[in-house]
Amino acid sequence: MTDLTKFVGGCENCPIQHRAVCARCDTDELDRLEEMKYYRSFEAGQTIIWSGDRMEFVGSVVSGIASLTQTMEDGRTQMVGLLLPSDFVGRPGREAATYDVVATTDVVMCCFRRKPFETMMVETPHVAQRLLEMTLDELDAAREWMLVLGRKTAREKIASLLSIIGRRDAALKLLNGHEEMVFDLPLTREAMADYLGLTLETVSRQISALKKDGVIVLEGKRHVTVPDFQRLLDEAGDDSDGGMMA
């Protein structure tokens, strides 16, 4: 289990504060959030929230990655989204969870008690505005992912996922998104296959092909260097300029 002591302290030391729902809060507002805040850690594979459960908290992923999963009536499950650091979990005004949220890696969450947070949203409009912006970004990402899953080749799917993770990592580190990117891939190849609708063998084969072609440099199975991010975007079939993710 992750040691939470390093996360305890003022919000000014938070690694996601510049991207989280509290990004525009002043000192007094951060103090108010501090009164309703607590941290929770989850091990890889642990369910954070079950669909249909009453939501007693909302919050942000501080570290790690979680998946949003929906279960069909016959028991089959489908991963419908990923939650990366700074992504928001829960919906103010909605008491029950819509999806299962499962820790794909070890996860640390900054949680706010739901009722006090809802009150603060009403009394502090820029917090509600920031959450709206994040929700719209999430909607854009979902639409983009429909294209990835529906129309792209296996190679383009892998390149797209790498570019999404790389841009988010650059944004958290306040990089400009055009420099050489270096990051640790937070997903196993099995998780990538599940999320992309591919076989494990296809994922491994396409990653090896991207490495052979010099699109990525891979140390071990997780440490990724992208020498030319625009080339990775070209491999993904994207027209995006590869800038920092909002």
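Below you will find a few notes about this structure. (Residues numbered from 1 in each chain as written. Predicted model: local features only at pLDDT ≥ 70, side-chain atom pairs only at ≥ 80, totals over all residues. Heavy atoms only, no water.)

**What about the overall build of the protein chain?**
So, step 1. When helices and strands are tallied, the protein chain shows 7 helices and 11 strands.
So, step 2. Within the span of the protein chain, comprising 246 residues, buried residues form 47% of the whole.
So, step 3. Taking all contacts inside the protein chain whose residues are at least 6 apart in sequence as the whole, residues at least 24 apart take part in 73%.
So, step 4. When the accessible surface of the protein chain is totalled, it reaches about 12500 Å², and 51% of it is carbon and sulfur. (Helix = DSSP H or I, 4+ residues; strand = E, 2+ residues; numbered from the N terminus. Buried < 20%, exposed > 50% of the residue type's maximum accessible area, 1.4 Å probe, protein only. Contact = heavy atoms within 4.5 Å. Areas by Shrake-Rupley, 256 points an atom, 1.4 Å probe, with all protein chains shown as cover.)

**Some remarks on the environment of S204**
So, step 1. Structurally, the position occupied by S204 is in helix α6 (residues 200–212).
So, step 2. By relative accessible area, S204 is classed as partly exposed at 23%.

**Looking at the packing of helix α5 (residues 189–196) against α6**
So, step 1. Remark: α5 packs on α6, axes separated minimally by 8 Å, with the N-to-C direction vectors making an angle of 110°. If you check the angle between α5 and α6, you find them roughly perpendicular. In this structure, α5 uses R189, E190, M192 and A193 to contact α6, whose residues at the interface are L200, V203, S204 and I207.
So, step 2. Partitioned by chemical class, the residues of the contact of α5 with α6 number 5 nonpolar, 1 polar and 2 charged. (Axes fitted to C-alpha atoms, helices over the stretch in contact; angles between N-to-C directions. Parallel < 35°, antiparallel > 145°, perpendicular 65-115°, else oblique. Nonpolar A, V, L, I, M, F, W, Y, C, P; charged D, E, K, R; others polar.)

**Details of the state of the cysteines**
So, step 1. Throughout the structure, instances matching the rule amount to 0 disulfides.
So, step 2. As a non-bridged cysteine, C111 has C110 as the owner of its nearest cysteine sulfur, 6.9 Å distant.
So, step 3. Judged by its relative accessible area of 0%, C111 falls in the buried class. (Disulfide = S-S within 2.5 Å.)

**Some thoughts on the pairing of strand β3 (residues 57–63)**
So, step 1. Among the 7 residues in β3, 6 count as buried, and that is most of the element.
So, step 2. When β3 meets strand β8 (residues 107–113), the two strands line up antiparallel, connected through 6 bridges. Paired with V58 across the two strands is F112, which belongs to β8. (Pairing = 2+ DSSP bridges.)

**Remarks on the packing of aromatic side chains**
For any pair of aromatic rings, the description rests on two quantities: the centre-to-centre distance and the angle between the ring planes.
So, step 1. Scanning the model with the defined rule gives 2 aromatic pairs in all.
So, step 2. Ring geometry for F112 and F117: centres 5.4 Å apart, planes at 20°, overall stacked.
So, step 3. Taking the relative accessible area as the measure of exposure, F117 reaches 1% and is therefore buried.
So, step 4. Here the aromatic residues F88, F112 and F117 are joined through ring pairs into a cluster of three or more. (Phe/Tyr/Trp six-rings, centres within 6.5 Å; stacked < 30°, edge-to-face > 60°.)

**Considering a negative patch on the surface**
So, step 1. A contiguous patch of negative charge, built from D26, D28, D31 and E35, is present on the exposed surface.
So, step 2. Mapped onto the fold, D26 is located in the segment before α1 (27–36).
So, step 3. Taking the relative accessible area as the measure of exposure, D26 reaches 39% and is therefore partly exposed. (Patch = residues over 30% accessible without salt bridge, like charges linked within 9 Å, V, L, I, M, F, W, Y side chains within 5 Å. Salt bridge = Lys/Arg side-chain N within 4 Å of Asp/Glu carboxyl O. Lys, Arg positive; Asp, Glu negative; His and termini not counted. Charge placed at Lys NZ, Arg CZ, Asp CG, Glu CD.)

**Details of the pattern of salt bridges**
So, step 1. Under the definition given, this model contains 12 salt bridges.
So, step 2. Residue E118 is joined to K115 by a salt bridge in which the shortest nitrogen-to-oxygen separation is 4.0 Å. With E118 and K115 both in helix α2 (residues 114–123) and 3 residues apart, the pair spans about one turn of that helix.
So, step 3. Look at K115 and you get partly exposed, because its relative accessible area is 47%.
So, step 4. If you follow the salt bridges from partner to partner, you end up with R24, R130 and E133 in one network.

**Thoughts on a nonpolar patch on the surface**
So, step 1. There is a patch of nonpolar side chains on the surface, built from L132, L136 and L139 and spanning about 270 Å² of accessible area.
So, step 2. Inspection of the secondary structure puts L136 in helix α3 (residues 125–151).

**So, the sheet that holds β8**
So, step 1. What the 4 strands build is an open sheet, ordered β1-β8-β3-β6; its pairing is antiparallel. The open sheet has two free edges, formed respectively by β1 (37–42) and β6 (88–89), since each of these has just one partner strand.
So, step 2. Sheet topology places β3 next to β6; 2 bridges connect them, and they run antiparallel. For S60, the partnering residue across the bridge sits in β6 and is F88.

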